[in-house]
Amino acid sequence: MAEPYPVDVPASGYLVVRASGAAAARAAILGGAASDPEGIQLVLRCPVPRAVAGSGAKLTFADATLHLQPAGVVMLTVAAAKLSIAFAELRPLMFRPVEVDAPLRALFAGAVAHVLAAGPRLDPHGLAHHLLGLAELVLRSALRTELDRVDALAARRREALAYMRAHLADQSLTADHVAEALYISRRRLYQLFDDGQGVSERLKGLRIERAKALLADPAKAGRGIAEIARDCGFTSAPHFSRTFRRATGRTPREYRERALRG
């Protein structure tokens, strides 16, 4: 397998998973993504045998390469086609540091140390299968942990959105109030919404969406614009009208007339 293009070395306790081989190198240089990488590489900093810590070591087989760099940076590359995990399934782990818990780090470090110590005296085909199994174990464990983390974030995000929607009429509703209701810090709340929009902008967007629904509802046609503004948490009818027009290109009255005619 071709040597991978370089990436930043992860901090201790973190794993970086990346595609390797000629296709990945071309994608890195020219842009785009390699759909079928030749190899999957795991980069992890961990304790290594003192005898090879300074000089490094490299063992190469047909379907696996174990490369130890100085300072305890281990690169394990395996043939993507040999993994039971599809490349698409690994996308949550790709090209970014993923935290690895202590037991898995210890297992990985111990396995690497044993391979480096006994590798020259072991059957190369069996050793290649051993390294492939080690990669499978690390990838599956890290993937499960990461997916659990993502699911937990998604659940907390849904809780935050549900609270915002339930309290849109409260004109004093702020990010601090939402964070306090969810028993999390303001910083943690903003981490739940990492798309750059921010909590205040998201609140405004939710209020606009509610206003659009109320204005387009024939059953609410008798309600005044000021009343709808209050129900959506806007401080005044003029403020509501200005914000609504910036968001939709129409005043609330124009939007209502068009929606009810349609």
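Everything here concerns the structure above.
Every value quoted in this text rests on a predicted model; they were computed, and no experiment measured them. (Residues numbered from 1 in each chain as written. Predicted model: local features only at pLDDT ≥ 70, side-chain atom pairs only at ≥ 80, totals over all residues. Heavy atoms only, no water.)

1. Quick notes on the pairing of strand E4 (residues 64-69)
Definition in use: The rule is simple: take the accessible area with a 1.4 Å probe, protein chains only, and divide by the maximum for that residue type; under 20% is buried, over 50% is exposed, in between is partly exposed. Each helix corresponds to a stretch of at least 4 residues labelled H or I by DSSP, and each strand to a stretch of at least 2 residues labelled E; elements are numbered beginning at the N terminus. In this description, strands pair whenever DSSP reports at least two bridges between them.
With 5 of 6 residues buried, E4 is to be regarded as a mostly interior element. When strand E3 (residues 57-60) meets E4, the two strands line up antiparallel, connected through 4 bridges. Within E4, the position partnered with Lys-58 by the bridge is His-67. Count of turn residues in the E3/E4 antiparallel hairpin: 3 residues. The turn linking E4 back onto strand E5 (residues 73-79) is made up of 3 residues, and Ala-71 within it adopts a positive phi angle of 70°.

2. Some details on the packing of helix H3 (residues 102-118) against helix H4 (residues 124-166)
Put simply, the rule reads: Only the stretch in contact is used when a helix axis is fitted, and all axes are lines through C-alpha atoms; the angle between N-to-C directions ranges over 0 to 180 degrees. Note on terminology: angles under 35 degrees are roughly parallel, angles over 145 are roughly antiparallel, angles of 65 to 115 are roughly perpendicular, and the others are oblique. Two helices that cross are described as forming a left-handed crossing if the nearer one is turned anticlockwise from the farther one by less than a right angle, and a right-handed crossing if clockwise. Residues are treated as being in contact if the distance between any of their heavy atoms lies within 4.5 Å.
At a minimum axis separation of 11 Å, H3 and H4 run at an interaxial angle of 170°. For the element pair H3 / H4, the angle class is roughly antiparallel. Regarding H3 and H4, the two cross each other, and that crossing is left-handed. In this structure, H3 contributes Leu-104, Leu-107, Phe-108, Ala-111, Val-112 and Val-115 to the contact, and H4 contributes Leu-127, His-130, Leu-131, Leu-134, Leu-137, Val-138, Ser-141 and Ala-142.

3. Thoughts on the sheet that holds strand E2 (residues 39-45)
Across the sheet, which stays open at both edges, the 6 strands sit in the order E3-E4-E5-E2-E1-E6 with antiparallel pairing between neighbours. Taken across any chain shown, the strands that pair with only one partner, and hence form the sheet edges, are E3 and strand E6 (98-99). Bridge count between strand E1 (residues 14-20) and E6: 2 bridges; the pairing is antiparallel. Of the residues in E6, the one forming a bridge with Leu-15 is Val-98. Helix-sheet contacts for H3 involve E2, E3, E4 and E5, and the interaxial angle to E4 is about 100°. Each of E1, E2, E4, E5 and E6 touches H4; the most contacted strand, E5, lies at about 105° to it.

4. Regarding the environment of Ala-169
Along the polypeptide, Ala-169 turns up in the loop between H4 and helix H5 (175-181). Along the primary structure Ala-169 and Gly-233 are separated by 64 residues, whereas in three dimensions their C-alpha atoms are 4.0 Å apart. Setting aside anything within four residues of it in sequence, one finds Ala-169 in contact with Arg-210, Arg-230, Asp-231, Cys-232 and Gly-233.

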